Amino acid sequence: MDLEARSLQPNVKAVLLAKLREYKSDLNNLKSEHKRLASANSNQAARDDLLESGMAYAMSVSANQRGRLMMSTERLNESSDRIKESRRTMLETEELGVSILQDLHQQRQSLLHANDTVFLLLKVPYRLHLLTGKFEGKDERKRLMRKGGRKNK
């Protein structure tokens with residue numbers, strides 16, 4: 001267009017060359033604005049890529065933390081179950097121990113009663129006391145005979 005405008009008559013030529021300069025200036029402004037917007041878009045694209053990679057890293061870290069948390073929760077639940085089982089076993093053992101102690105107490109009472117009965121039946125003047133290891137004499141025997149051969153429990 002520039003060549004055509006220069007080849008025209010001088011009065012038209014000046015007007016056309018002014019318009020041409022104006023159009024070139026507008027074109028250059030538009031090109032620079034396009035470059036600026038394109039670079040902003042590429043920067044935005046680069047920024048978005050960076051954020052996406054950061055988010056992907058954050059998501060992988062989050063998934064890793066979630067996995068560790070789930071594994072810790074599972075171990076905690078297993079430990080709680082073991083504690084409950086141990087407590088149940090302890091209570092059963094305690095109950096069994098109480099039962100054995102009651103049986104032993106009954107057997108002790110039976111042995112003491114049998115010892116007293118033998119003492120009275122044999123009319124032995126002295127006997128060895130089972131608990132103290134001391135000999136008891138006639139006075140004890142008389143006291144027992146008065147009670148009918150029963151000792152207070």
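The coordinates are above.
Just so it is clear, the model here is predicted, and its values are computed rather than measured.

The rules behind the values
Residues numbered from 1 in each chain as written. Predicted model: local features only at pLDDT ≥ 70, side-chain atom pairs only at ≥ 80, totals over all residues. Heavy atoms only, no water. Helix = DSSP H or I, 4+ residues; strand = E, 2+ residues; numbered from the N terminus. Contact = heavy atoms within 4.5 Å. Areas by Shrake-Rupley, 256 points an atom, 1.4 Å probe, with all protein chains shown as cover. Salt bridge = Lys/Arg side-chain N within 4 Å of Asp/Glu carboxyl O. Buried < 20%, exposed > 50% of the residue type's maximum accessible area, 1.4 Å probe, protein only. Patch = residues over 30% accessible without salt bridge, like charges linked within 9 Å, V, L, I, M, F, W, Y side chains within 5 Å.

Engineer: Please explain the overall build of the protein chain as it appears in this structure.
Structural biologist: Looking only at helices and strands, one finds three helices and two strands in the protein chain. The order of α-helices and β-strands along the protein chain, N terminus first, is α-α-β-β-α. Within the protein chain, contacts between residues separated by at least 24 positions form 17% of all contacts whose residues are at least 6 apart in sequence. For the protein chain, the accessible surface area stands at approximately 13300 Å², while carbon and sulfur atoms represent 59% of it.

Engineer: What am I meant to see in the pattern of salt bridges here?
Structural biologist: Two side chains with opposite charge may pair up if their charged atoms get near one another. Across all of its chains, the model carries two salt bridges by this definition. For Arg-88, the salt bridge goes to Glu-85, with nearest N and O atoms at 2.3 Å. Linking Arg-88 with Glu-85, this pair stays in helix α2 (residues 10–122), spanning three residues, or about one helical turn. Residue classification places Arg-88 among the partly exposed positions, given a relative accessible area of 38%.

Engineer: What's the story with a nonpolar patch on the surface in this structure? I'm lost.
Structural biologist: A contiguous nonpolar patch, built from Leu-96, Ile-100, Leu-101 and Leu-104 and spanning about 400 Å² of accessible area, is present on the exposed surface. Within the secondary structure, Leu-101 is located in helix α2. Judged by its relative accessible area of 58%, Leu-101 falls in the exposed class.

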